[in-house]
Amino acid sequence: MKTKIISYNNKKIEICIEDKQKGRSFDKIKTPKRWKLWTHQMCIDLHNDKGLRKILNLELCSFWIAQFFEFNKENGRVAWFLVCPGGVGFSCFEVPQYSLDGLGVRFWREVK
């Protein structure tokens with residue numbers, strides 16, 4: 001897994017910079033121990049930083065993220081982040097069995 005260490009929200013984190021496990025549905029994703037899915041806020045903050053956008057390979061990507069709506073969590077829906085030539089956005093109401101060939105996952109963890 002290719003990673004970078006960056007400062008984010010006054011913490012040092014190690015962050016995956018490539019989409020892993022491409023083509024897997026959310027319910028088949030294997031999260032490594034002590035790692036977490038990116039959050040929607042991380043996607044927004046890191047994509048909006050033009051310098052980090054390039055370093056973190058956020059120019060064309062598509063990956064599962066942590067669901068950010070309680071209603072959707074309670075109803076078993078999952079979320080993903082997408083950057084394509086036409087725009088940037090989220091899909092927040094997918095079923096866990098949904099998959100696309102190019103849809104992957106990215107992880108992060110806090111480091112000391």
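The structure under discussion appears in the preceding block.
Below: a short report on this structure. If you're wondering where the values come from, they're calculated on a predicted model, not measured in any experiment.

**Examining the packing of aromatic side chains**
Counting across every chain of the model gives six aromatic pairs. A network of ring pairs unites the aromatic residues Trp38, Phe63, Phe68, Phe69, Phe81 and Phe90 as a single cluster. In this arrangement the basic side chain of Arg106 is found over the ring face of Trp38, its NZ or CZ atom lying 5.6 Å from the centre.

**Comments concerning the sheet that holds strand E6 (residues 87-94)**
Taken in spatial order, the four strands make up an open sheet running E6-E5-E4-E7, and their pairing is mixed. Each having just a single partner strand, E6 and strand E7 (104-105) make up the two edges of the open sheet. Where strand E4 (residues 61-65) and E7 come together, two bridges link them in parallel fashion. Residue pairing across strands places Phe63 opposite Gly104, the latter belonging to E7. Where helix H1 (residues 40-48) meets the sheet, its contacts fall on E4, strand E5 (78-84) and E6, and the angle it forms with E6 comes to roughly 175°.

**What to know about the pairing of strand E2 (residues 11-16)**
Taken together, the six bridges between strand E1 (residues 3-8) and E2 define a ladder with antiparallel strand orientation. Its bridge partner being in E2, Lys4 is matched across the sheet by Ile15. Where E1 hands over to E2, the hairpin turn is made up of two residues, of which Asn9 adopts a positive phi near 50°. Pairing analysis gives three bridges linking E2 to strand E8 (residues 107-110), with the strands arranged antiparallel. Paired with Glu14 across the strands is Arg109, a residue of E8.

The rules behind the values
Residues numbered from 1 in each chain as written. Predicted model: local features only at pLDDT ≥ 70, side-chain atom pairs only at ≥ 80, totals over all residues. Heavy atoms only, no water. Phe/Tyr/Trp six-rings, centres within 6.5 Å; stacked < 30°, edge-to-face > 60°. Lys NZ or Arg CZ within 6 Å of the ring centre and 35° of its normal. Pairing = 2+ DSSP bridges. Helix = DSSP H or I, 4+ residues; strand = E, 2+ residues; numbered from the N terminus. Contact = heavy atoms within 4.5 Å. Axes fitted to C-alpha atoms, helices over the stretch in contact; angles between N-to-C directions.

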